[in-house]
Structures are given as structure tokens and as C-alpha cells.
Amino acid sequence: MIITKNIVINKSADHVWKILAHDFDSVYQWMGPVRHSYAISADQPSSDAPVEGRICEFTNKPNGFQASEVITHYNEANKSYTFELTPLNAPKLLPVKKNTVKIAVKAINSSSAEVTWISTPEIKPIAILLSPLLKLGLGKSFGDILKQLKTFSEAP
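Anyway, here's the lowdown on the structure attached to this text. (Residues numbered from 1 in each chain as written. Predicted model: local features only at pLDDT ≥ 70, side-chain atom pairs only at ≥ 80, totals over all residues. Heavy atoms only, no water.)

1. Some words on unusual backbone geometry
Most peptide bonds adopt trans geometry, and most residues besides glycine take a negative phi value.
For step 1, the next point in the chain: Not every positive phi belongs to a glycine, and Asn 63 is a case in point at roughly 60 degrees.
For step 2, the next point in the chain: Relative to the helices and strands, Asn 63 resides in the loop between β3 (53-57) and β4 (66-75).
For step 3, the next point in the chain: On the basis of relative accessibility, which here comes to 69%, the residue Asn 63 falls in the exposed class.
For step 4, the next point in the chain: A positive phi angle, close to 55 degrees, is found at Asn 89, a residue other than glycine.
For step 5, the next point in the chain: Within the secondary structure, Asn 89 is located in the loop between β5 (80-88) and β6 (96-109). (Helix = DSSP H or I, 4+ residues; strand = E, 2+ residues; numbered from the N terminus. Buried < 20%, exposed > 50% of the residue type's maximum accessible area, 1.4 Å probe, protein only.)

2. Describing the pairing of β3
For step 1, the next point in the chain: With four of five residues buried, β3 is to be regarded as a mostly interior element.
For step 2, the next point in the chain: Pairing analysis gives five bridges linking strand β2 (residues 36-40) to β3, with the strands arranged antiparallel. Its bridge partner lying in β3, Ile 40 is registered against Gly 53.
For step 3, the next point in the chain: For β3 and β4, the ladder comprises five bridges, and the chain directions are antiparallel. Residue Cys 56 lies in a different strand from β4, and its bridge partner there is Ala 67. (Pairing = 2+ DSSP bridges.)

3. Section: the environment of His 73
For step 1, the next point in the chain: Along the chain, the position of His 73 falls in strand β4.
For step 2, the next point in the chain: The class for His 73 is partly exposed, based on a relative accessible area of 40%.
For step 3, the next point in the chain: Note: C-alpha distance between His 73 and Phe 83 (10 residues apart in sequence) is 7.0 Å.

4. Here we look at a nonpolar patch on the surface
For step 1, the next point in the chain: Together, Leu 129, Leu 130, Leu 133 and Leu 136 line one region of the surface with nonpolar side chains, adding up to about 510 Å² of accessible area.
For step 2, the next point in the chain: Among the structural elements, Leu 130 can be located in the loop between β7 (112-123) and α2 (131-154). (Patch = residues over 30% accessible without salt bridge, like charges linked within 9 Å, V, L, I, M, F, W, Y side chains within 5 Å. Areas by Shrake-Rupley, 256 points an atom, 1.4 Å probe, with all protein chains shown as cover. Salt bridge = Lys/Arg side-chain N within 4 Å of Asp/Glu carboxyl O.)

Dropping the structure here:
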């Protein structure tokens, strides 16, 4: 399953890229479901990214639902990166085992940019029968995330 979403943001590509890439570990500032996020690092960084990855916390409970998001590819010049999301302490009914997300920012002109989000979720076998509905639901969620990014990016 591949889900692709795009959005145009009325700010420069550099501004949007800073939020998405340079401030990768601060996603809680603009992504609604994330209560808190922080950087993770490895002894041997695998890319030129500002951080190795992040942990996103979705509840305020100790050992609550989280996601580990590790950057697997990073290209500053092309304003693109890929990260792999692995759920931690997830509810048993969560249908996604992991999700690979590619983000790209492309300048339209000096004051607007297009963000492309390509997601390739790996779903649990039990969810295969529901994959058409799951694709619709995830597509809506990813679209909502991009709308939140747009609102945050365009704020004065």
C-alpha cells in the first residue's frame, strides 16, 4: 500500500524545510496528535540529517503509546528525507506494524512550496482484509497532518 499526499504552503521552501528537517525532533510544536517529541541519536549516525531520529509520545502516561522515527535517508540539497516509523507500546488493535515515509519539499516560487508525503505502511496480517478502508483512513490522517503543517508554517 502506498499513500501519497501533497500540499502547497505559502512560505518559502527553505522555511518549510527548516520546520520539517532541521526541527525534525520538535514535531510536537505543530502535529496535533504528538504530545511531546525529542531527538534520538546513535553512536554511528547513518545520514547527514540534523538528528538521527525522534521519539513521538502520543499520551502523557509513562510507557504510553509512542513512535520511534529513524531517518534512513537524508538529502539537504534536494530537500528530501525518508524515515521509518515503528510503533512502541502500541494498542493491540493498531493495524500498522511500521511505516516508511518519504518527505520532499519543492519550491514553487520564492514564497511558496509544495510538500509531498509518500507513505508505505506495513500492515499486520489481520488488517489485510480491511486494507481499502485503512488506506482511506490513513490517507485522511496524513492529509490532516499536512494541513497542520501548513497552518503552523504560514503563521506569522
